[in-house]
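Here is how the chains run, residue by residue.
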Amino acid sequence: MAVLIDLVLLSMLAITALRVIFLKDLFAVVMLFGIYSLLSALIFVNLDAVDVAFTEAAVGAGISTVLMLSTLALTGRTEKENKRSSVLPLLVVIATGAALIYGTLDMPPFGAADNPIHQHVAPRYIEESPKEVGLPNLVTSVLASYRGFDTFGETVVVFSAMVGVLSLLGAARRRENSDDAAVIVAGFKGHKVLRVVAKLIIPLIILFALYVQFHGDFGPGGGFQAGVIAAAAFILYALVFSLSHAMQVVSPKFLQLLASLGVLLYASVGIYSMLKGGHFLDYNKLAADPLVGQHFGILIIELGVGIAVFAVMLSIFYAFAHQVERSTIK
Amino acid sequence: MTAVLAAVCIAILVIMALALTRAMKAPTVYDRILGVNMFGTKTVLFIAVVGYLMGRPEFLDIAIVYALINFIGMVAVLRYFEYTAPID
Amino acid sequence: MLVLDIVSSILLMTGIFFGFSGAVGLFRFPDFFTRVHAASITDSIAVILIIAGLLLQTSFDLNTAKLMFILMFLMITSPTASHALAKSARHGGLLTLGESKQQQKQQKEQMQQQEAGQ
């Protein structure tokens, strides 16, 4: 049954990807990309990789669609006609693809129990983590405790992504001029139903984000996903009620502070455990009982990740939306 | 019961394929959005049903995320049209 | 237990039936606004029936609450999305089948009048 579902999903994925290549209308491409990420998340679900599916759902289908649409609003809807011949690129792609396929011939059979990946650290994580970390969700304990360094690196990458986007697009500033604000507010006035429903929905989304944040130890979820979902709530607010309203709730300056605070919170857990006489990010030293220390450490660093991701996602959206509004007001 | 759930699963997959076809070959741009939206809601149902089929009810969390995110994507699309008038 | 299973199967199957009819309507209906109608059937009644069918499979725990949450959420958002989409399409200048026929007729008459005038 799982194989059948996998086959159907994969073929739909391939068809969508092919269609994306041949479409010239970029808006349609964005729509199909939404479907593409929905499909890949479904494949993750089918492979039982719940946490990955969660991230793909929140980031791929939600935030990236919004960002791609705002890029389209800035650049225009149709793809430029490409006059150059595509023979050389095609040859390069075919050669690379053939090399990659040749490479897979050396790989161990898919899903076999004695694959190297199952021999290396996985058995230790599976056997020891209930004793050493004590969390029901194995993924969280690997991500936040065993691989705490990697996750810290990822958080810093997310942070530097924000720095990159802001230095390219310019940080959004809160608008002081009230005339401009009036123009923007006019945006969604026609959709009264949407405004009412958004008011109902936004608290629910934030509540669910908090659930994901603090339930990550027990079920799928954690800081990354929670941050993205909370940012999505504010993005919905900005989309329905105008950007300047959203900026009055959470100002861009405050978001930049929050993003650094999140990363620093993560790092400070590491420093604190060093002060306590352990290694960097050694949660065992955080409390008298190592298990309690692990629990504290994971809770705090997940919070740091959540805050950082939330702030980064929202300020990237602000930067894009600010550009869009500036270009349309003129 | 498993047989029924499996049948429902496959049926939802077929409905999703139909919605996908509509999203790919759409007469107007709005039909495309309609197809994508329908694909999204069917995805929510699919995840919920697969969760019960595989005995993993924690899949429901992902279904909730989809329900939330799908709506936001939809609003973003409509907002995009406020800025740029759709052609065709 | 058996009765619950049967009822739940019936609910699931009816949901699938409505889902299919909506998906077919997505292709068979003549203009965009009727197609919105078809699609919103799959978003409302099919969702209610399928989730109700799944609800009977739960044993009143956290999953029941989550399913109820999904149901409530979809019940609020999908009609809103359909409504907003139809409204946008209307503002974007899309016509219903009847209207576009009428428009064509008027254009034809105008053409004929112009020809007659010449």
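This section reports on the structure supplied with the text. As the structure is a computational prediction, the values presented were derived from the model and not from experiment. Note on numbering: residues in each chain are counted from 1, in written sequence order. Each chain is given a letter, starting from A, and each ligand a number, starting from 1, according to the order in which they appear as written. Local features are withheld for residues below a pLDDT of 70 in this predicted model, meaning they are given only at 70 or higher, and side-chain atom pairs are given and counted only at 80 or more; totals for whole chains, interfaces and linings count all residues. Each side-chain value is derived from all of the structure's non-hydrogen atoms; neither hydrogens nor water enter the calculation.

Some remarks on the overall build of chain B
Along the backbone of chain B there are three helices and zero strands. Listing each helix as α and each strand as β along chain B from the N terminus yields α-α-α. Two things to know: the radius of gyration comes from C-alpha atoms, and the globule rule equals 2.2 Å times the number of residues to the power 0.38. Here the C-alpha radius of gyration of chain B, 15 Å, is well above what a compact globule of 88 residues would show, namely 12 Å. C-alpha extents for chain B along the principal axes are approximately 50 × 25 × 10 Å. Partly exposed residues are those whose accessible area sits between 20% and 50% of the maximum for their type, while under 20% is buried and over 50% is exposed, using a 1.4 Å probe and protein chains only. Relative to its full complement of 88 residues, chain B shows a buried share of 74%. The contact criterion used is simple: two residues touch if any of their non-hydrogen atoms lie within 4.5 Å. Contacts spanning at least 24 positions in sequence make up 55% of the contacts within chain B whose residues lie at least 6 apart. Computed by Shrake-Rupley with a 1.4 Å probe, the accessible areas treat only the displayed protein chains as cover when residues are assessed. With an accessible surface of roughly 2,200 Å², chain B has 66% of that area assigned to carbon and sulfur atoms. When charges are counted, neither His nor the chain ends are considered; positive counts come from Lys and Arg and negative counts from Asp and Glu. By convention, charge coordinates are those of NZ in Lys, CZ in Arg, CG in Asp, or CD in Glu. Of the charged side chains in chain B, 6 are positive and 5 negative; the average position of the first set lies 7 Å away from that of the second. Strands are runs of DSSP state E lasting at least 2 residues, helices are runs of H or I lasting at least 4, and numbering of each runs from the N terminus.

Details of the nonpolar core
Throughout, nonpolar core names a set of buried Ala, Val, Leu, Ile, Met, Phe, Trp, Tyr and Cys residues whose side chains join them through atoms within 4.5 Å. Ranked by size, the top nonpolar core spans 170 residues in total, and within it Phe 27, Ile 229, Phe 317 and Tyr 318 of chain A carry the most contacts. Ranked by residues supplied to this core, first place goes to helix 3 (residues 60–83) of chain B with 18 residues. Other than its neighbours up to four places away in sequence, Tyr 318 of chain A contacts Ala 172, Leu 243, Ala 246, Met 247, Val 250, Pro 252 and Leu 255 of chain A.

Some words on the interface of chain A and chain B
Residue-level contacts link 58 residues of chain A with 45 residues of chain B. In short, buried area is how much 1.4 Å probe accessible area vanishes from two parts on joining, totalled over both. In total, chain A and chain B occlude about 4,600 Å² of area from one another, counting both sides; carbon and sulfur atoms represent 81% of this. Counted as salt bridges are all cases of a side-chain nitrogen of Lys or Arg within 4 Å of a carboxyl oxygen of Asp or Glu. Put simply, chain A and chain B have one salt bridge between them. Arg 56 of chain B is paired through a salt bridge with Asp 48 of chain A; the nearest N and O atoms lie 2.3 Å apart. The definition of a polar contact used here is a pair of N or O atoms within 3.5 Å, where within protein one atom must be able to donate a hydrogen and the other to accept one, and adjacent residues in sequence count solely through side-chain atom pairs. Joining chain A to chain B, the criterion identifies three residue pairs in polar contact (both at pLDDT 80 or more). Breaking the side of chain A that touches chain B down by element, the ones donating at least two residues are helix 1 (2–22), helix 2 (26–46), helix 3 (50–75), helix 10 (192–215), helix 11 (223–241) and helix 14 (290–329) of chain A.

Considering the packing of helix 10 of chain A against helix 11 of chain A
Residue and element names in this part refer to chain A. Contact geometry of helix 10 with helix 11 gives a least axis separation of 8 Å together with a crossing angle of 170 degrees. Comparing the axis directions of helix 10 and helix 11 gives the class roughly antiparallel. Along this stretch, helix 10 crosses helix 11, giving a crossing that reads as left-handed. In this structure, helix 10 uses Leu 194, Arg 195, Ala 198, Lys 199, Ile 201, Ile 202, Ile 205, Ile 206, Phe 208, Ala 209, Val 212 and Gln 213 to contact helix 11, whose residues at the interface are Gly 223, Gln 225, Ala 226, Ile 229, Ala 230, Ala 233, Phe 234, Leu 236, Tyr 237, Val 240 and Phe 241. When the residues that make up the contact of helix 10 with helix 11 are grouped by side-chain class, the tally is 18 nonpolar, three polar and two charged. Only the contacting stretch of a helix is used when fitting its axis, a line to C-alpha atoms as for every element, and angles between N-to-C directions run 0 to 180 degrees. Any angle that falls under 35 degrees is termed roughly parallel, while one over 145 is termed roughly antiparallel, one within 65 to 115 roughly perpendicular, and all others oblique. In this scheme the crossing of two helices becomes right-handed for a clockwise turn of the near helix relative to the far one and left-handed for an anticlockwise turn of less than a right angle. For this scheme, ten residues count as nonpolar: Ala, Val, Leu, Ile, Met, Phe, Trp, Tyr, Cys and Pro. Four count as charged, namely Asp, Glu, Lys and Arg, and the remainder, Gly too, count as polar.

Observations regarding the interface of chain C and chain A
Between chain C and chain A, the residue contacts involve twelve residues of the former and eight residues of the latter. Buried area between chain C and chain A, summed over both chains or domains, comes out near 900 Å², and the portion from carbon and sulfur atoms is 81%. Ranking the residues of chain C by area buried against chain A places Phe 73, Ile 76 and Thr 80 of chain C at the top, with a combined share of 40%. At the boundary of chain C with chain A, the tally comes to zero salt bridges. Put simply, chain C and chain A have one residue pair in polar contact (both at pLDDT 80 or more) between them. Its residues assigned to classes, the side of chain C that touches chain A shows six nonpolar, four polar and two charged.

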